Structures are given as C-alpha cells and as structure tokens.
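# Structural features, examined
Each chain, written out:
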Amino acid sequence: MSTTELPASHAELMDGIYRWQRHIYDLTRKYYLLGRDRLIDGLDVPQDGTVLELGCGTGRNIALAARRYPDARFFGLDISAEMLETAKAAIAREGLADKVSLARGDATDFDAKALFGIERFDRVFVSYSLSMIPGWEKTVSAALAALAPGGSLHVVDFGQQEGLPRWFRGLLRGWLRKFHVTPRESLRDVLESESQSAGATFRFRTLYRGYAWLAVIKIAV
C-alpha cells in the first residue's frame, strides 16, 4: 500500500494525537508500556537476520533491538508521519541509520517488497500497537504472511488486567481511551487461532497479573 493509499482518517487521527505527544512519548510511556524489553530480549534474532516492527512509533523499540542484535537488519513501519519524523531523528542520533530502514504504511495491509525491498523477515514484532489499530486482526495475518520459514511473530500489548483490582482496571481503561487505545479482549484467541491455521507453535504468558500479555507464534521451517 503506497503512502497516498493510506486510510486517511486513521493516519490523520494518529498524527493529531502524536503531533505533540511524540516529544514526551518515551519519557511517559516507560511507566506503563510494560514488557517491551522482555519482548526484545526474547527475539533471539539469528546471525544476519531481518527484523520488522509494525507500529514502530518513536523508534524506541527498534533502536533498542538494533543495539541488542548488532548483526541484524531492522525495518520499521508506522502509519503516522509525525511519529516517523521522531523515529528517524532517534535512529540517526543513535548512529543506526545504516542498519535501520523506516517507512510509512498501514500495518493491516502493506507491501514489504515495495517499501523495503524485502518480502520475508526472520522476526516480526508488534509492541502496544494492536490496541490502537482498527481491524487489528488483519495486522496479525499480515505479520504472519511476512515471516520467512522458521520465523516468529512476537506481540506484547495490554491484557485484560484480570488479576488486578477492578478500580485499577477502570482508571486504566479511562486513561487509555483518551489516546484511542482499547485492550483487545480477544487477542489471545485470535493469535492462537492464527497460529493453528498456519501450523505454527504458540506461546502465551500474562505479565504483571494480567496487566500485559506477551505472545510468540513460531512458523515451521
């Protein structure tokens, strides 16, 4: 999908939300986007591997992963031009421009070959983006379709806070709604169903009493 074909309403919404928020995003989100570093540590990228992040935002995760796996090549996709501006600056500041490529696109429908010159990736990860993407189920399907044989999809996002007090869940949901974020109640079921359809293995765990959910789908070789 080309930049001119991006769904205007969602792209404009994200740009509107993050036009100013992007400047303080990483400072504030580190307190409640939990499990991101655990996801990155679990990527276990092979030598000279390729890694795609869908919904790369400010570039925080992809920069951290690029330092964690210095022999790999990284690719980031986001629908927000505002966020990509911040991400490109962060990647350049970290001296990672030679190993990280960024592009604007829709995570539910993208052409990796057209955007990055590569069709399949050893790892694809999505960190706290499915809870913001309309039609997020399509992102799961697109991510799996972009995996090379033996590759894996890694997802971390808000859980249902099932082990936390009801008052906390209410406060969190209210706060998240301000940013058009909705924890996906069916996330586990969709990921497990997609993994079964692909003949893949599925691992799932809850973090911090259900505050966050972390999942890995691994495609057969």
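Structure: above.
Per chain, the residues get numbers from 1 upward, laid out in the order the sequence is written. Per-residue local features of the predicted model are confined to residues with pLDDT of at least 70, and side-chain atom pairs are confined, for both listing and counting, to 80 or more; whole-chain, interface and lining totals are unaffected and use all residues. Hydrogen atoms and water are omitted, and side-chain values are computed over all heavy atoms in the structure.

### Focus on the nonpolar core
In this structure, Phe74, Val100 and Leu102 are the most contacted members of the largest nonpolar core, which totals 34 residues. Secondary structure elements are defined from DSSP: runs of H or I of at least 4 residues count as helices, runs of E of at least 2 residues count as strands, and each element is numbered from the N terminus. Elements that contribute at least two residues to this core include exactly α3 (36-41), α4 (60-68), α5 (81-93), β3 (100-104), β5 (147-158), α8 (166-177) and β7 (212-218). Residue contributions to this core peak at four residues, all from α4. In what follows, a contact means two residues having at least one pair of non-hydrogen atoms within 4.5 Å. Excluding residues that lie within four positions of it along the chain, Leu102 makes contacts with Cys56, Ile62, Gly76, Leu84, Ala87, Lys88, Ile91 and Phe116. Grouped together as the second largest cluster of nonpolar side chains are 33 residues, Val140, Leu144, Leu191 and Ala200 included. Joining through side-chain atoms within 4.5 Å is the link that ties buried Ala, Val, Leu, Ile, Met, Phe, Trp, Tyr and Cys residues into a set, and such a set is a nonpolar core. Here the term buried applies to any residue with accessible area under 20% of the maximum for its type, exposed to any over 50%, and partly exposed to those in between, with areas from a 1.4 Å probe on protein chains only.

### Overview of the packing of helix α7 (residues 136-145) against helix α9 (residues 187-197)
Helix axes are fitted only over the stretch in contact, all axes being lines through C-alpha atoms; the angle between N-to-C directions runs from 0 to 180 degrees. It is the contact of α7 with α9, at a shortest axis distance of 11 Å, that shows an interaxial angle of 30 degrees. By the angle between their directions, the pair α7 and α9 is classed as roughly parallel. The hand of the α7/α9 crossing is right-handed. Contacts between α7 and α9 pair Trp136, Glu137, Val140, Ser141 and Leu144 from the former with Leu187, Val190, Leu191 and Glu194 from the latter. Here the contact of α7 with α9 is composed, by residue class, of six nonpolar, one polar and two charged. Should an angle lie under 35 degrees it is considered roughly parallel, over 145 roughly antiparallel, and from 65 to 115 roughly perpendicular; all remaining angles are considered oblique. Left-handed describes a crossing whose near helix is turned anticlockwise from the far helix through less than a right angle; right-handed describes the clockwise counterpart. By the convention adopted, Pro, Cys, Tyr, Trp, Phe, Met, Ile, Leu, Val and Ala count as nonpolar, Lys, Arg, Asp and Glu as charged, and the other residues, Gly among them, as polar.

### Some details on α5
Structurally, the α-helix is built with 3.6 residues per turn, so residues lying three or four positions apart point the same way. A helix is expected to span 1.5 Å for every residue after the first. Spanning 13 residues, α5 covers 18 Å between terminal C-alpha atoms, matching the ideal 18 Å at 1.5 Å per step. Within α5 the residues assigned to the buried category are Glu82, Met83, Leu84, Thr86, Ala87, Ala90 and Ile91. A 3.5 Å cut-off defines polar contacts: any pair of N or O atoms within that distance qualifies, except that in protein one atom must be a possible hydrogen donor and the other a possible acceptor, and neighbouring residues in sequence count only when both atoms are side-chain atoms. Its side-chain oxygen 3.3 Å from the backbone nitrogen of Glu82, Ser80 forms the N-cap of α5.

### What to know about the packing of aromatic side chains
A ring pair, where both rings are aromatic, is described by two values, the distance of the centres and the angle of the planes. Aromatic contacts are taken between Phe, Tyr and Trp rings whose centres are within 6.5 Å, Trp giving its six-membered ring; a plane angle under 30 degrees counts as stacked, one over 60 as edge-to-face, and the others as tilted. Per the counting criterion, the structure on display carries nine aromatic pairs. Ring centres of Tyr128 and Phe158 lie 4.7 Å apart, and the angle between their planes is 75 degrees; this geometry places the pair in the edge-to-face category. Remark: Phe158 occurs in strand β5 and Tyr128 occurs in the loop between β4 (121-127) and α7; sequence separation between them is 30 residues. Overall, Tyr128 belongs to the buried group, its relative accessible area being 4%. On the basis of relative accessibility, which here comes to 3%, the residue Phe158 falls in the buried class. Seen in terms of ring centroids, Trp175 and Phe179 are 5.0 Å apart; in terms of plane orientation they differ by 65 degrees. Their pairing is edge-to-face. Residue classification places Trp175 among the partly exposed positions, given a relative accessible area of 39%. Judged by relative accessible area, which is 10%, Phe179 ranks as buried.

### A word on the pattern of salt bridges
The rule for a salt bridge is simple: a side-chain nitrogen of Lys or Arg has to be within 4 Å of a carboxyl oxygen of Asp or Glu. Inspection of the entire model under this criterion finds three salt bridges. Linking Arg60 and Asp37 is a salt bridge whose minimum nitrogen-to-oxygen distance equals 2.8 Å. Taken together, the positions of Arg60 in helix α4 and Asp37 in helix α3 put the pair 23 residues apart, joining distant regions of the chain. With a relative accessible area of 24%, Arg60 lands in the partly exposed category. Residue Glu94 pairs with Arg67 through a salt bridge whose shortest N-O separation is 3.1 Å. Separated by 27 residues along the polypeptide, Glu94 in the loop between α5 and β3 and Arg67 in helix α4 bring together distant segments of the chain. Assessed through its relative accessible area of 45%, Arg67 is described here as partly exposed.

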